[in-house]
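Read off the chains here:
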Amino acid sequence: MKIVVDAMGGDYAPDVVIEGAVAAVNEYNVEVVLAGEEEKVRALLERFKYPPNNISICPAAEVIGMSEPAAVSIRKKRNSSIVLGINLVKNGQGDAFVSAGNTGAVVCAATLSLGLLPGIERPGIAIVVPTLKGISLIIDVGANIDPKPKQLLQYGIMADAYFRYILNREKPTVGLLNIGEEETKGTGFAREAFELLEHSNLDFIGNLEGKDLFSGKCDVIVCDGFVGNIALKVTESVVETMQEFLKRHLLRNPLSKLGLIFLKSSFARFKKEMDYAEYGGAPLLGVNGIVIIGHGRSSAKAIKNAVRVAKAEVERKFNEKIIEAIK
């Protein structure tokens, strides 16, 4: 199996990307193609030990910056690590693509180059989040900010399949993120999406409010990309702010510092449970290929786990499962 990794994607690329890719090669028995500036990539690879036949380089002279407009950048920078990396998957020279780079550019390049699966109108980004009862999957968190109600139904079907075949849970429950639990709540768009989901074969439990995001009330949370992205960014901000509040109060005086020693293992478990790096990247569902999008601030561990997620989707022929489910 060959996973293509965007070596230049992310705030800390290429250093942490290459470190994570090497760790994935050593731990998951996969081959990795690093798409990026050859001299930089080759120099960084010299720091690590790995099976030499398991890592190769796809030279890419251009890099799409995190703030560059998606559609324009993939047209102008055809020799970028994102465009060339996705083209390797399109041409059968790679089984999946992983990038922590410009999300819009990855979505745009994957949609235009790989195309969409039969029956899917728009792709969606799904992300695993921790809850009080385990994990939930939120879709969409930024790929499609102005969807049609029918596309939310497709998101629900794809996420249901992801829960079954990748997260290994039979008959996951599905909810629609809305401003209230009653089916009459929300805009006409939300009410139409509710009706479509209610009359589908999904185990639809109705509307969810924002307070239910992390309660574990349901397994799959469906929303449009605009709402989903805001919810995701607010969540990240709350977690980071809570961590700072804890540090501020726990380090205030010698007595609280002493108590911190006894709580160290508990805080370590808390941090691990809340760490996005533990869950790997976010799958771009609906495109005709396996594409995993990492957080822009991905660490080496996050890159390694994103490769793990990509490997699981390839091994389980996940896109075939979506095609079967969407019929």
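Conventions used here
Residues numbered from 1 in each chain as written. Predicted model: local features only at pLDDT ≥ 70, side-chain atom pairs only at ≥ 80, totals over all residues. Heavy atoms only, no water. Phe/Tyr/Trp six-rings, centres within 6.5 Å; stacked < 30°, edge-to-face > 60°. Helix = DSSP H or I, 4+ residues; strand = E, 2+ residues; numbered from the N terminus. Lys NZ or Arg CZ within 6 Å of the ring centre and 35° of its normal. Patch = residues over 30% accessible without salt bridge, like charges linked within 9 Å, V, L, I, M, F, W, Y side chains within 5 Å. Areas by Shrake-Rupley, 256 points an atom, 1.4 Å probe, with all protein chains shown as cover. Salt bridge = Lys/Arg side-chain N within 4 Å of Asp/Glu carboxyl O. Lys, Arg positive; Asp, Glu negative; His and termini not counted. Charge placed at Lys NZ, Arg CZ, Asp CG, Glu CD. Buried < 20%, exposed > 50% of the residue type's maximum accessible area, 1.4 Å probe, protein only. Pairing = 2+ DSSP bridges. Axes fitted to C-alpha atoms, helices over the stretch in contact; angles between N-to-C directions. Contact = heavy atoms within 4.5 Å.

**Student:** Before we move on, can you summarise the packing of aromatic side chains with the specific residues and values?
**Tutor:** Evaluation of the coordinates by the stated rule reveals two aromatic pairs. Ring geometry for Tyr-162 against Phe-318: centres 5.4 Å apart, planes inclined by 90°, an arrangement best described as edge-to-face. On the criterion of sequence distance, the pair formed by Tyr-162 in helix α6 (residues 149-165) and Phe-318 in helix α11 (residues 318-326) is long-range, its members being 156 residues apart. The ring of Tyr-165 has Lys-321 lying over it, and the distance from NZ or CZ to the ring centre is 5.4 Å.

**Student:** Lay out a negative patch on the surface with the relevant residues and their values.
**Tutor:** Judged by side-chain charge, Glu-183, Glu-192, Glu-195 and Glu-198 come together as a negatively charged surface patch. Secondary-structure assignment places Glu-198 in helix α7 (residues 188-198). Glu-198 sits in the partly exposed class, given a relative accessible area of 41%.

**Student:** Can you tell me about the sheet that holds strand β3 (residues 55-59), naming the residues and giving the values?
**Tutor:** In sheet architecture, strand pairing relies on hydrogen bonds along the backbone and comes in two forms, parallel and antiparallel. Pairing within the open sheet is mixed, and its eleven strands lie in the order β3-β2-β1-β4-β11-β10-β5-β6-β9-β7-β8. Taken across any chain shown, the strands that pair with only one partner, and hence form the sheet edges, are β3 and β8 (203-208). Averaged over all neighbouring strand pairs, the angle between strand axes comes to 25°, with direction disregarded. The pairing of strand β2 (residues 31-36) with β3 spans five bridges and is classified as parallel. If you follow Val-33 over to β3, its bridge partner there is Ser-56. Packed onto the sheet, helix α10 (residues 300-315) meets β1 (2-6), β4 (96-99), β10 (282-285) and β11 (290-293) and runs at close to 160° relative to β11.

**Student:** Summarise the pattern of salt bridges; cite the residues concerned and give the values.
**Tutor:** In the structure shown here, the tally under the stated rule is 14 salt bridges. The shortest N-O distance in the salt bridge between Lys-211 and Glu-209 comes to 3.8 Å. For Lys-211, a relative accessible area of 61% puts it in the exposed group. Between Glu-240 and Arg-297 there is a salt bridge; the shortest N-O distance is 2.8 Å. With Glu-240 in helix α8 (residues 225-250) and Arg-297 in the loop between β11 and α10, the pair connects residues that are 57 residues apart, well separated along the chain. Note on Glu-240: relative accessible area 36%, which makes it partly exposed. Since its relative accessible area comes to 32%, Arg-297 is described here as partly exposed. Several salt bridges converge on common partners, so that one network encompasses Asp-160, Arg-164 and Glu-170.

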